[in-house]
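The primary structure of each chain is shown beneath.
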Amino acid sequence: MSNQSVASFDITYLQILDEDGNVDESLEPDLSDDELLELYTLMKRARRLDEKAIALQRRGEIGTYAPAIGQEAAQVGSAYALRDEDWMVTSFREQPAYLTRGTPMHKLLLYAAGMEESGKIEDSNDLPPSIPVGSQALHAAGIGWAQAIKNDAGASLVYFGDGATSQGDTYEAMNFAGVFDAHTVFLCQNNQYAISVPRNHQTRAETLAQKAVAAGIDGMQVDGNDILAVYTATKEALEDARNGDPHLIEALTYRMSMHTTSDDPKVYRDEAEEAEWKEKDPIDRFETYLKDKDILDDETITEIENDIEDELVEQIQLLKEKEEDVDPETMFEHTYAEMPQELRDQLERFREDR
Ligand SMILES: Cc1ncc(C[n+]2csc(CCOP(=O)(O)OP(=O)(O)O)c2C)c(N)n1
């Protein structure tokens, strides 16, 4: 008879840049001034795109939209760690990550306008958004498994939220990835809410990172509003994943805006909490850091902001042009390899009514 400990685990937390923009220099990643400025510009572009998209939705020019305001560091920092040939797998709130991978704004808006053309995988290894919560973790585990079988040097990175950790799919994907040495990094953006359900109603576990333990893969937490920490953690996790060691990263962040344009967060959370997280804004602290390093000044900020406004005008114009090119019949085409009779009948009726 014995009663002894046979396993134990430890979850670490990484922060490099604190809320006030102070940095732990011993942990700073090896990024050039230009790269740091690029990270800043990407976060600013993402923030403005989301703000503009909310306004476009309010004017009826696009459909439901899920802003990532507050989560820019979690997404830009992680997507920036990918190599071009790696695969990115998203849920529905990953505009900053797509921008980082080079997707133009109009393509993201086209998706929000309901045009499935924007779901085409064109010049990148990025899957289109996945709306069923957690489902995309399975796709990423599959891609990571294929990379393992092919002895590919690539990796796959999948985004999901705190809510998705309550879905069986997410566990199945992590467990599968662990068993088959998939080249997959699971990035959980713990933005504290799944629509109106707060994080503490999601699980009794102390961290979401420890969900990795049962799958036998590495789990850690990062300050998700610290772009340097997110970049560093993801880069290291991707290196391990390339060699068959999948990881789970829990990025602690906050959804500063609404769940989607159909949601009103005032109904379920208080202003004090929102104000507390405003102090931790990922863009503000990075701006302070860059200014302290003399990489950024007010003049450059104004230039960046003006460029973004120009980009938005141009991209919204492109959105309108692309929308005109879209043939609505394509919505019937891509769900099945062979269109079933029911859908063929609907297409027929659609043609009669046009
Ligand atoms: C399988 C499934 N169930 C329910 C929904 C409705 N739904 C959309 S988003 C969401 C919450 C997701 O929360 P989380 O995973 O934390 O991601 P976040 O929205 O915070 O980015 C729910 C329940 C869905 N899309 N798919």
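Above this text sits the structure in question.
Read on for an overview of the structure.

Calculation notes
- Residues numbered from 1 in each chain as written.
- Predicted model: local features only at pLDDT ≥ 70, side-chain atom pairs only at ≥ 80, totals over all residues.
- Helix = DSSP H or I, 4+ residues; strand = E, 2+ residues; numbered from the N terminus.
- Contact = placed C-beta atoms within 7 Å.
- Near = placed C-beta within 6 Å.
- Nonpolar A, V, L, I, M, F, W, Y, C, P; charged D, E, K, R; others polar.
- Pairing = 2+ DSSP bridges.
- Axes fitted to C-alpha atoms, helices over the stretch in contact; angles between N-to-C directions.
- Buried ≥ 20, exposed ≤ 12 C-beta atoms within 10 Å, placed from the backbone.
- Right-handed = clockwise from strand over helix to strand, strands pointing away.
- Expected span 1.5 Å × (residues − 1).

Quick notes on the overall build of the protein
- Across its full length, the protein holds 11 helices and eight strands.
- Judged by the C-alpha coordinates and their principal axes, the protein covers about 75 × 60 × 45 Å.
- Once local pairs closer than 6 in sequence are excluded, the contacts in the protein between residues at least 24 apart make up 78%.

Brief notes about the site of the ligand
- Around the ligand, the surrounding shell holds 15 residues, and the nearest of these are V133, G161, G163, A164 and A194.
- Counting residues per element, the ones that place at least two in the shell around the ligand are β3 (156-161) and β5 (193-194).
- When the residues that make up the shell around the ligand are grouped by side-chain class, the tally is eight nonpolar, four polar and three charged.

Some thoughts on the environment of I308
- Its location among the elements puts I308 in helix α10 (residues 298-325).
- In this structure the C-alpha to C-alpha distance between I308 and A146, which are 162 residues apart in sequence, comes to 38 Å.
- Each residue touching I308, except ones within four places of it in the same chain, is listed here: K44, R45 and R48.

What to know about the sheet that holds strand β8 (residues 247-252)
- Spatial strand order, β1-β7-β8-β4-β3-β2: six strands in an open sheet with parallel pairing. Both outer strands of the open sheet, β1 (13-14) and β2 (87-89), are each paired with one neighbouring strand and no more.
- In the packing of helix α7 (residues 227-242) onto the sheet, the strands contacted are β1, β3, β4 (184-190), β7 (218-223) and β8, and the crossing angle to β8 comes to about 170°.

Topic: the pairing of β4
- The buried count for β4 comes to seven of seven residues, which makes it a mostly enclosed element.
- Of the two faces of β4, the one holding T184, F186, C188 and N190 and the one holding V185, L187 and Q189 are both buried throughout.
- As defined by bridge partners, β3 adjoins β4 across six bridges and the pair is classed as parallel. Looking at the pairing, S156 lines up with T184 of β4.
- With respect to chirality, the unit in which β3 leads through helix α6 (residues 168-179) into the neighbouring parallel β4 is right-handed.
- The sheet contact formed by β4 and β8 spans six bridges and is parallel. When the sheet's bridge partners are listed, C188 is paired in β8 with E250.

Section: helix α1 (residues 33-58)
- Between its terminal C-alpha atoms α1 stretches 38 Å, which fits the 38 Å expected from 26 residues at 1.5 Å a residue.
- When we look at burial in α1, the residues that qualify are L36, L39, Y40, L42, M43, K44, R45, A46, R47, L49, D50 and A53.
- Against α2 (72-79), α3 (95-100), α4 (105-112), α7, α9 (282-292) and α10 lie the buried residues of α1.
- Once α1 finishes, G60 follows within two positions and takes phi at roughly 80°, a positive value.

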